[in-house]
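# Per-entry structural report
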Amino acid sequence: MYKISATERNNEKSADFETRSLFHLLNYHADSSEIHFFVVDFFNDVSGVDRYSNRIWDIQSKGKFVTATLLGNCLITLFKNYVSDFSSNFVSYILYVESISSRILIDKTILNFGIENVKSKEIKKVKQGLLDEAQSRTYIKEYGLSQEVLENKINEFLEIVTFVIDSKSKSELIKDAITVDSSIYPSDSYLNNIFKQIRDIQASKKLTSTEGEILVSVYDFLKYSKYINAGQIILLITSRLINMDLTNDNKVPLSFVPYVRLKDEKEAKDFLEECRNDIYRMIFDKNNVSNYWMFFENVWKTVKDNLTCDIDALFNKLNMKVYNLVPLDINSIKFFIALVKDGMRK
Amino acid sequence: MKILNVWFGNRDEAFHESRFSDGINLIYSQGLNNRGKTVMIQSLLFALGSKPKFPYGFDTEKNNYYIVEIEENNKRFIICRKRDTFIVRDSLGNINLLQSESEFKRYYNESIQKLPQINKDGRLSTVYLSLYNQMFFLGQDGKDTSTLYNLSYYNKSDFINMFYSIMGYSNIITSDEITIIKHEIDVINEKIETLRYRNKVLNNKNLAASLVSYSANKIEIDSKLKKLERVKEILSSYKKERNRLLSRKTKNEILLDELNGLNRTVSEGSLYCMECGSKHIGFQSSKEDITFDVSDSDIQMQILNNVRNRIETVGEEIIKIDHEIDEQRAILTELLKDKHVTMENLILSKKDILEAKPNDIEIQELNTQLTNLKSKLENSKVTEENQQKNRDIAMKDLIKLMNKIFHEINYDGNPKDVELFTSRGEVVSGSESAAFYLARFYAFQKVTNHNNPIIIDDFREKELSSTKEKMAINMYSELSNQIIWSCTLKDEEIHKYDNFEHVNQVDYTGFPDSHLLNKKDVIDLANVLNSLSIKL
């Protein structure tokens, strides 16, 4: 049994940090390829869950500068999960912070470390900070642990917790999430905007209150729409970057050149413009949203799995049912395939 | 901006020039002319968007590719031009297709370097490269110091306005422009007059009366008609192009409306809770339920801008074609002034020569234009005096420096000061005009601080003495701009540049007479075209 507690709503900076911590799991964690769901404001600010919902990567974010005692305080929600009935499911406990007082650290240069990088006299303060916090929280008290057991648990817990110091810009976080050709990177301000879009989606997940609900198994989280699929985030960013690249109105996607060569000069421009216009229409159509995503996913996956194929071969591999759902013709579909293929050229 | 490479030619023969250096490049041939210096320089400028002026008989079929590789702001671009189509490869390897000079100038402005804007045809528009390049380029036969080189669309005051714009004082209407507007009003009035006359003639039922005069002068009229026919052909090809552009414009205008329409979510009522009236209603789907928007406002804005841009570009193209059409019409009018070729005769011999139908709509259109111009004239009378002062000061500085340099180089000549353009009819000798341009280009660079290469074909105008030449080279070697000058050396001048520091000598003496293109360079051409995804 797992009782949901300590969910929260927060300000813009903390929201930013929760999204940063999500990107930490998505981009940089050793197990990032195994993380399938991001559960928001549930077990913790953000928790990665694997495809079969057996394993949970737990992350707590703090957009603050922390000292030893505060560091201990911040660990409370991670610790809560450590002592919960689901503790065997949690494979990783991460505290993601803006910065840690360098006075308490042994090596000040590393950004990802365990408790062993904290000076031993400071570790005491960390423990005390966590102990004080644990003794004041009802959701820990409910377990009825004796002082001695609690201290032992804290000692064990600190051995496995990881500290990560935030060091990337928002635009780097977005770029690192996906594999595209650097030539299609848009401006930093646009990358920041994409970050914001993801942050807003994440924040909107917090609107549903789940405080006090009781779960029997980890996968019960699926009953609540408080998760985002890792694949969806990657798809969103890729699609945004490719569509932004499309807006270079005069650019001819290199892989599409063979289809233009056949035409005479004056016609070429009109032909390209027609293709582009169809796609413009598609991405303006707010009433055809899910079809677009199905189509985009199909094209993207097909291109990704067949990087050496030419446009015709890729077209033949597409799912006909899916491209029938979007307002494109064979030329504009091929144009779009070329756009995606070139965008992923690397 | 630096020129790195120039290629031109076709699948049979080509030429590749790669000998440019960053500093002063002197392209010369020893004793002999017709070694291809002009062809190379014209090719280079043609690729950069200038109006071409190739030696007679060169590339008459217009089948050559003209390619230049430039470096601007540490980024390399390869620009390829064939007729009016440009293909540009940017530093990231992206290929951009630009179908007209208008599209090219927009791309250039956005991606290569900022272009100045001037008031032209009643609106503020980015200058075409054909004008922009004039500030640093002069062709071989362009030593007339009273006009611009090889341009018809632009005039002197456009060049002066471009200078003001570069200095940051654009966007006001000067007295020159008022004169232009007045002139345009006159032209339109005249056109209306002509059209009214034509309508009158065409409505005249007694055409038969003219038959007599037609038969009497048949031979003369027919030869005239042949000329007319040619003008008509040109006119009709322009008109065809104009129609194509118009339809492209309309298509994009429709697209714009359509996109704005699509962007509205269908909103037919909304859900609310029957019990409490709240609109905050959750819907729990069994599937993963996030759907992101297809695009965001940044992308949509960009797309709408693109479509608006296309409409504007095409609009500009249409204005340019209208200008060409006007020119051809002027030729037509001239031909029609012949007393034997009366309107009636023409109609008799060739009814469709002027698509001769009474045309009231055109008169209406002209009247609208007239009203617009008149109101513009009214507005323009309210000018900002400060801006005008700034312009005057900038121009004074430019002229002052130009004269200083001019007299330094032309030390033994007339001590009279010169203007940015000399007045028409003023006789300027060869060496004086060479000194004039050397002074003007130098002063223009110093005052505007532009970084473009300074390119002069036949910079000595065959008469500039070695002393003056040396003075000019020393002066220009202080500029950080790339210099590309050409000249023909007399036999006794052999090795004359060997003692010059900083001078990169590019020798054209060994090339065959009037045939620079060769088989060997076709491979180079094919390679560079390949990098632009063009198969030779």
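Note that the structure is predicted; figures quoted are calculated from it, not measured.

Along chain A, the regular secondary structure elements total 15 helices and 10 strands. Each principal axis of the C-alpha atoms in chain A carries an extent, and together these give about 85 × 40 × 35 Å. Sorting the 346 residues of chain A into buried and exposed places 58% on the buried side. Looking at chain A alone, contacts between residues at least 24 apart form 73% of all its contacts between residues at least 6 apart. Entry remark: accessible area of chain A is about 14,400 Å², with carbon and sulfur atoms responsible for 49%. Counting 45 positive and 47 negative side-chain charges, chain A places the centres of these two groups 2 Å from one another.

A count of helices and strands for chain B gives 14 helices and 13 strands. Taking all 536 residues of chain B together, the buried fraction comes to 49%. Taking as baseline every contact in chain B between residues at least 6 positions apart, the subset at least 24 positions apart corresponds to 73%.

Moving on, we come to the domain arrangement of chain B. Residues and elements named next belong to chain B. In terms of domain boundaries, chain B breaks down into domain 1 (2-172 + 383-535) and domain 2 (177-379). Facing the 19 residues of domain 1 at the interface are 14 residues of domain 2. Across the domain 1/domain 2 interface, buried area totals approximately 1,600 Å², and carbon plus sulfur atoms make up 39% of it. Looking only at domain 1, the three residues that lose the most surface to domain 2 are Arg 106, Arg 123 and Tyr 153, adding up to 34% of its buried area.

In this section: the interface of chain B and chain A. Contact with chain B, which involves 49 residues of that partner, is made by 48 residues of chain A. Of the roughly 4,600 Å² buried between chain B and chain A, counting both surfaces, carbon and sulfur atoms make up 53%. Where chain B touches chain A, the interface holds 22 residue pairs in polar contact (both at pLDDT 80 or more). Looking at the side of chain B that touches chain A, the elements that each hand over two or more residues are β7 (95-98), α2 (101-112), α7 (218-262) and α8 (297-336) of chain B. For the side of chain B that touches chain A, the per-class residue count stands at 17 nonpolar, 15 polar and 17 charged. Taken together, the two bridges between strand β10 (residues 251-252) of chain A and β7 of chain B define a ladder with antiparallel strand orientation. Paired with Lys 251 of chain A across the two strands is Asn 96 of chain B, which belongs to β7 of chain B.

The next thing to look at is the side chain of Ser 50 of chain B. Topologically, Ser 50 of chain B is positioned in the loop between α1 (37-47) and β4 (65-72). Setting aside residues up to four positions removed in sequence, Ser 50 of chain B forms contacts with Leu 45, Arg 81, Leu 129, Ser 130, Asn 133 and Phe 137 of chain B.

Further remarks concern the pattern of salt bridges. Oppositely charged side chains can form a pair if their charged atoms are brought close together. Taken as a whole, this structure holds 50 salt bridges over all chains when the rule is applied. A salt bridge links Lys 251 of chain B to Glu 274 of chain A, with the shortest nitrogen-to-oxygen separation between them at 3.2 Å. Placement of Lys 251 of chain B in helix α7 and of Glu 274 of chain A in helix α11 (residues 265-284) is noted, with the two residues assigned to different chains. The salt bridge involving Glu 493 of chain B is made with Lys 496 of chain B; its shortest N-O contact spans 3.3 Å. Both residues of the pair, Glu 493 of chain B and Lys 496 of chain B, count as buried. A single network of salt bridges, built from pairs that share partners, joins Asp 249, Lys 269, Asp 270, Glu 273 and Arg 276 of chain A together with Glu 103, Glu 241, Arg 244, Arg 248 and Arg 310 of chain B.

All names here are of chain A. The end-to-end C-alpha distance of helix α4 (residues 120-136), which contains 17 residues, comes to 25 Å, matching closely the 24 Å that a straight helix rising 1.5 Å per residue would cover. Among all positions in α4, only Glu 122, Ile 123, Val 126, Gly 129, Leu 130, Leu 131, Glu 133 and Ala 134 are buried. Buried-residue contacts for α4 involve α2 (68-74), α3 (76-83), α5 (138-141) and α6 (147-160).

Looking now at helix α13 (residues 466-476) of chain B. Buried residues of α13 of chain B: Lys 468, Glu 469, Ala 472, Ile 473, Met 475 and Tyr 476 of chain B, and no others. For α13 of chain B, the angular spread of buried residues about the axis comes to 160 degrees, placing them on one side.

As a further point, take the packing of aromatic side chains. One pass over the structure, following the stated rule, counts 54 aromatic pairs over all chains. Taken together, a centroid distance of 5.3 Å and an interplanar angle of 25 degrees make the contact between Phe 256 of chain A and Tyr 259 of chain A stacked. Grouping residues by exposure puts Phe 256 of chain A and Tyr 259 of chain A together as buried. Arranged with centres 6.2 Å apart and planes meeting at 80 degrees, the rings of Trp 293 of chain A and Phe 296 of chain A form a pair that is edge-to-face. Of this pair, Trp 293 of chain A and Phe 296 of chain A both sit in helix α12 (residues 289-305), separated by three residues, roughly a single helical turn. Each of the two residues, Trp 293 of chain A as well as Phe 296 of chain A, counts as buried. Among the aromatic residues, ring-to-ring pairing joins Phe 42, Phe 43, Phe 79, Tyr 82, Phe 86, Phe 90, Tyr 93, Phe 157 and Tyr 224 of chain A into one connected group. In this structure, Lys 80 of chain A packs its charged tip against the face of Tyr 139 of chain A, placed 5.8 Å from the ring centre. Lying across the ring of Tyr 128 of chain B, Lys 105 of chain B places its NZ or CZ 3.9 Å from the centre.

Let us now look at a nonpolar patch on the surface. Nonpolar side chains collect at one region of the surface, where Tyr 143, Leu 145 and Val 149 of chain A lie side by side and expose about 220 Å² of accessible area between them. Topologically, Tyr 143 of chain A is positioned in the loop between α5 and α6.

Residue and element names in this part refer to chain A. Note that Leu 235 resides in helix α9 (residues 230-246). Counting along the chain gives 64 residues from Leu 235 to Ser 171, while the straight-line C-alpha distance between them is 16 Å. Aside from chain neighbours lying at most four places away, what touches Leu 235 is Trp 293, Phe 296, Glu 297 and Trp 300.

Conventions adopted
Residues numbered from 1 in each chain as written. Chains lettered and ligands numbered in written order. Predicted model: local features only at pLDDT ≥ 70, side-chain atom pairs only at ≥ 80, totals over all residues. Heavy atoms only, no water. Helix = DSSP H or I, 4+ residues; strand = E, 2+ residues; numbered from the N terminus. Buried < 20%, exposed > 50% of the residue type's maximum accessible area, 1.4 Å probe, protein only. Contact = heavy atoms within 4.5 Å. Areas by Shrake-Rupley, 256 points an atom, 1.4 Å probe, with all protein chains shown as cover. Lys, Arg positive; Asp, Glu negative; His and termini not counted. Charge placed at Lys NZ, Arg CZ, Asp CG, Glu CD. Domains from an automatic or database assignment. Buried area = accessible area lost by both parts, 1.4 Å probe. Polar contact = N/O pair within 3.5 Å; in protein donor to acceptor, adjacent residues only side chain to side chain. Nonpolar A, V, L, I, M, F, W, Y, C, P; charged D, E, K, R; others polar. Pairing = 2+ DSSP bridges. Salt bridge = Lys/Arg side-chain N within 4 Å of Asp/Glu carboxyl O. Expected span 1.5 Å × (residues − 1). Arc of directions from axis to C-beta. Phe/Tyr/Trp six-rings, centres within 6.5 Å; stacked < 30°, edge-to-face > 60°. Lys NZ or Arg CZ within 6 Å of the ring centre and 35° of its normal. Patch = residues over 30% accessible without salt bridge, like charges linked within 9 Å, V, L, I, M, F, W, Y side chains within 5 Å.

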